[in-house]
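So the chains spell out like this:
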Amino acid sequence: MYVCNCFGVTEAQVKKHAEGGACTPRQIASACKAGTDCGSCVRRIQALLGRGACPPGELADRSRPVLAEVAEAPDVAVLNEAA
């Protein structure tokens, strides 16, 4: 059964990506584009993932301090000094 008609993504594909570690609709979208066009399938994707798809704290563990990385980048540091 199709979950995302815009990109032809099936329930089986969403479940496969979930088994591979995707535990949010955004991670599913990154894997197969489902939910990135009209958005009508996002709630269905959430339902397939279920509550507690990610263990507590796992989302925080996966994220990186992006702003800190940008500030440490040499090109940005040169721009900051020039300003």
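Residues numbered from 1 in each chain as written. Predicted model: local features only at pLDDT ≥ 70, side-chain atom pairs only at ≥ 80, totals over all residues. Heavy atoms only, no water.

Visitor: I would appreciate a short explanation of the overall build of the protein in the present structure.
Guide: Secondary structure assignment for the protein yields six helices and two strands. Beginning at the N terminus, the succession of helices and strands in the protein can be written as β-β-α-α-α-α-α-α. Counting over 83 residues, the protein shows a buried share of 19%. When the accessible surface of the protein is summed, it comes to about 6200 Å², and 53% of that surface belongs to carbon and sulfur atoms. (Helix = DSSP H or I, 4+ residues; strand = E, 2+ residues; numbered from the N terminus. Buried < 20%, exposed > 50% of the residue type's maximum accessible area, 1.4 Å probe, protein only. Areas by Shrake-Rupley, 256 points an atom, 1.4 Å probe, with all protein chains shown as cover.)

Visitor: Is there a simple way to think about the environment of A18 in this case?
Guide: By secondary structure assignment, the location of A18 is in helix α1 (residues 11-19). The exposure class of A18 is partly exposed, given its relative accessible area of 30%. With 27 residues separating them in the primary sequence, A18 and I45 have C-alpha atoms 10.0 Å apart. Dropping the residues within four chain positions of it, A18 is found in contact with I28 and L49. (Contact = heavy atoms within 4.5 Å.)

Visitor: Quick question: what am I supposed to make of helix α2 (residues 25-32) here?
Guide: Residue pairs spaced three or four apart in an α-helix point in one direction, given the helix's 3.6 residues per turn. Within α2, the full set of buried residues consists of I28, A29 and C32. On an axial view of α2, the arc spanned by its buried residues comes to 100 degrees, and they lie on one face. Across from the buried face of α2, at angles greater than 90 degrees, the exposed residues are R26 and S30. The inward-facing, buried residues of α2 abut β2 (9-10), α1 and α3 (42-49). (Arc of directions from axis to C-beta.)

Visitor: Sorry, what's going on with the pattern of salt bridges here?
Guide: Side-chain pairs of opposite charge can arise whenever the charged atoms involved come near each other. Within this structure, the stated rule accounts for one salt bridge. In this structure, the salt-bridge partner of E11 is R44, at a minimum N-O distance of 2.5 Å. Of this pair, E11 sits in helix α1 while R44 sits in helix α3, and the two are 33 residues apart along the sequence. On the basis of relative accessibility, which here comes to 16%, the residue E11 falls in the buried class. (Salt bridge = Lys/Arg side-chain N within 4 Å of Asp/Glu carboxyl O.)

Visitor: I'm lost on the environment of G35 in this one. Help?
Guide: Turning to its location among the elements, G35 is positioned in the loop between α2 and α3. Setting aside residues no more than four positions away along its own chain, G35 makes contact with C4, C41, V42 and I45.

Visitor: Honestly, unusual backbone geometry in this entry has me stumped. Any pointers?
Guide: Leave glycine aside and you will find that most residues have negative phi; peptide bonds, for their part, are mostly trans. Look at K33: it is not a glycine, yet its phi comes out positive at around 75 degrees. Positionally, K33 belongs in the loop between α2 and α3.

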